[in-house]
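What follows is each chain in one-letter form.
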Amino acid sequence: MMGPAHSLSGAAAWLGVGAATAAAGHAMPWPVLVIGALICAGAALAPDLDHKSATISRAFGPLSRGLCEIVDKISYAVYKATRSSRDPRRSGGHRTLTHTWLWAALIGGGASALAVTAERWGVLAILFVHLVLAVEGLLWRAARVSSDILVWLLGATSAWILAGVLDEPGKGASWLFTSPGQEYLWLGLPIVLGALVHDIGDSLTVSGCPILWPIPIAGKRWYPLGPPKSMRFRAGSWVELKVLMPAFMVLGGVGGAAALNFI
Ligand SMILES: [Zn+2]
């Protein structure tokens, strides 16, 4: 899928989690719902850091372009080192290492560790990166025509303001994880979810997605998971734009309303 569909599906997924946790008695304070949805929308672009024309690889100028090259090289090396004789040969790392559940768990765990150990600056860094991505993803065309620096400024100021909101008592720093020292531990959750939702989105497209690596399926370590071929579509096709994206908006709206107990 393309950037906007990934971001929308990420936001909708977090709003759905909000509805589920509200039903389970752990209702999110509204800042957790809103900020989590934005983080998840941003995180749903992150696995494409292995592709140089992806939104995330262009979002932070030379920094993300350099990181993209490194991630592509590492992904390709891991693919070559772990492929079985049934996995096809390939020439680059796109849709390999960063498109797996293990990667999702690693970056989510890493973000939670950063938020807990680096405290305010860690939280600000996580918010900044994901808010910039959310703006790029959700306001795709609009972000393209404005300058990168404006988007970074918007990301930095909103990160600062939202971190202040979360810090207020009862507004979400210690949602779900309530023991002392566990503030902001939940920040890793929308990041894991965003990456997984991205992988599921990609698995609906023609080439599938090796989400379960390194668990072997049918003798392949990089088995491209997905529905039967007849149910798949091409990235950027009308199914994505006219069916999936409106569906994500409706589902997100329903999820958000249920999370805040409006329905
Ligand atoms: Zn992808």
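Residues numbered from 1 in each chain as written. Predicted model: local features only at pLDDT ≥ 70, side-chain atom pairs only at ≥ 80, totals over all residues. Heavy atoms only, no water.

*Asks:* I'm lost on the coordination of the zinc ion in this one. Help?
*Replies:* Each pair of donors in an ideal four-coordinate tetrahedral metal site encloses 109.5 degrees, whereas pairs in an ideal six-coordinate octahedral site enclose 90 or 180 degrees. Each protein donor to the zinc ion is listed here as Asp48 (OD), His99 (NE2), His198 (NE2) and Asp202 (OD); together their distances run 2.0 to 2.2 Å. Seen from the zinc ion, its four donor atoms lie at angles of 88 to 171 degrees, and the figure they make is irregular. Taking relative accessible area as the criterion, aspartate 48 reaches 12% and is therefore assigned buried. What makes histidine 99 buried here is its relative accessible area of 0%. (Donors = N, O, S within 2.8 Å, 3.2 Å for Na, K, Ca; no water. Tetrahedral: all angles 85-135°; square planar, octahedral: opposite > 155°, others 65-115°. Buried < 20%, exposed > 50% of the residue type's maximum accessible area, 1.4 Å probe, protein only.)

*Asks:* I keep staring at unusual backbone geometry and nothing clicks. Help me out?
*Replies:* Phi is mostly negative for residues that are not glycine, and the peptide bonds are mostly trans. Omega for the bond connecting tryptophan 213 with proline 214 falls within 30 degrees of zero, at 0 degrees, which places this linkage in the cis form. Residue arginine 95 is not a glycine yet carries a positive backbone phi of 60 degrees. Assignment of secondary structure puts arginine 95 in the loop between helix 4 (61–82) and helix 5 (101–117). Its identity as a non-glycine residue notwithstanding, asparagine 261 has a phi of 65 degrees, on the positive side. Counting through the fold element by element, asparagine 261 comes out in the segment after helix 10 (238–259). (Helix = DSSP H or I, 4+ residues; strand = E, 2+ residues; numbered from the N terminus.)

*Asks:* Whenever I open this one, the nonpolar core confuses me. Can you help?
*Replies:* Soluble, globular proteins show a tendency: their nonpolar side chains are buried together. Among the nonpolar cores identified, the biggest contains 31 residues, and Trp14, Val32, Leu127, Tyr184, Trp186 and Leu187 are the most heavily contacted of them. Elements that contribute at least two residues to this core include exactly helix 1 (3–23), helix 2 (30–43), helix 5, helix 6 (119–138) and helix 8 (148–167). Per-element accounting of this core gives the leading share, eight residues, to helix 2. Among all residues touching valine 32, those that are not within four sequence positions of it are Trp14, Ala37, Leu166, Lys171, Gly172, Trp175 and Trp186. Core analysis: the second largest hydrophobic core is formed by 14 residues, Ala46, Ile56, Val132 and Val135 among them. (Core = buried A, V, L, I, M, F, W, Y, C linked by side-chain atoms within 4.5 Å. Contact = heavy atoms within 4.5 Å.)

*Asks:* Can you walk me through the pattern of salt bridges in this structure?
*Replies:* Any two side chains of opposite charge can pair, given that their charged atoms come close. A full pass over the atoms with the stated rule returns three salt bridges. Arginine 120 serves as the salt-bridge partner of aspartate 167, at 3.5 Å between the closest nitrogen and oxygen. Taken together, the residues span a long stretch of sequence, with aspartate 167 in helix 8 and arginine 120 in helix 6 at a distance of 47 residues. With a relative accessible area of 45%, aspartate 167 lands in the partly exposed category. Its salt-bridge partner being glutamate 168, residue lysine 171 comes within 3.1 Å of it at the nearest N-O pair. What makes lysine 171 partly exposed here is its relative accessible area of 24%. Owing to a relative accessible area of 38%, glutamate 168 belongs among the partly exposed residues under this scheme. (Salt bridge = Lys/Arg side-chain N within 4 Å of Asp/Glu carboxyl O.)

*Asks:* Which parts of the structure should I look at to understand the side chain of arginine 232?
*Replies:* Along the polypeptide, arginine 232 turns up in the loop between helix 9 (188–203) and helix 10. No salt bridge is formed by the buried arginine 232; its nearest oppositely charged neighbour, aspartate 202, is found at 11 Å. In terms of polar contacts, arginine 232 uses its side chain to reach the backbone carbonyl oxygen of valine 206, at 3.2 Å. Leaving out residues up to four positions away in the same chain, arginine 232 has contacts with Ser203, Leu204, Thr205, Val206, Ser207, Gly208, Pro224, Leu225, Gly226 and Pro227. (Lys, Arg positive; Asp, Glu negative; His and termini not counted. Polar contact = N/O pair within 3.5 Å; in protein donor to acceptor, adjacent residues only side chain to side chain.)

*Asks:* Explain the packing of aromatic side chains here, please?
*Replies:* Describing an aromatic ring pair means giving the distance of the ring centres and the angle of the ring planes. Counted by the stated rule, this structure contains seven aromatic pairs. Between the aromatic rings of tryptophan 14 and tryptophan 175, the centroid separation amounts to 6.2 Å while the plane-to-plane angle is 75 degrees, which identifies the pairing as edge-to-face. Here the residue tryptophan 14 occupies a position in helix 1, and tryptophan 175 occupies one in the loop between helix 8 and helix 9, the gap between them amounting to 161 residues. For the pair tryptophan 14 and tryptophan 175, a shared accessibility class is recorded, and that class is buried. By way of ring pairs, the aromatic residues Trp14, Trp175 and Trp186 are connected into one cluster. Its end group placed over the ring of tyrosine 79, arginine 90 keeps NZ or CZ at 5.4 Å from the ring centre. Cation over ring: arginine 120 sits above tryptophan 160, and NZ or CZ is 4.6 Å from the ring centre. (Phe/Tyr/Trp six-rings, centres within 6.5 Å; stacked < 30°, edge-to-face > 60°. Lys NZ or Arg CZ within 6 Å of the ring centre and 35° of its normal.)

*Asks:* Looking at this structure, how should I read helix 2?
*Replies:* Residues three or four positions apart in an α-helix share a direction because the helix packs 3.6 residues into each turn. Helix length check: helix 2 (14 residues) gives 20 Å between terminal C-alpha atoms against 20 Å at 1.5 Å per residue, within 8%. Taken as a whole, helix 2 has its buried residues at Pro31, Val32, Leu33, Ile35, Gly36, Ala37, Ile39, Cys40, Ala41, Gly42 and Ala43. (Expected span 1.5 Å × (residues − 1).)

*Asks:* What is the right way to read the environment of tyrosine 79 from this model?
*Replies:* Examined against the element boundaries, tyrosine 79 turns out to sit in helix 4. Considering only alpha carbons, one finds tyrosine 79 and glycine 3, 76 residues apart in sequence, at a separation of 24 Å. What tyrosine 79 contacts, discounting residues up to four positions off in sequence, is Asp87, Pro88, Arg90, Thr96 and Trp222.

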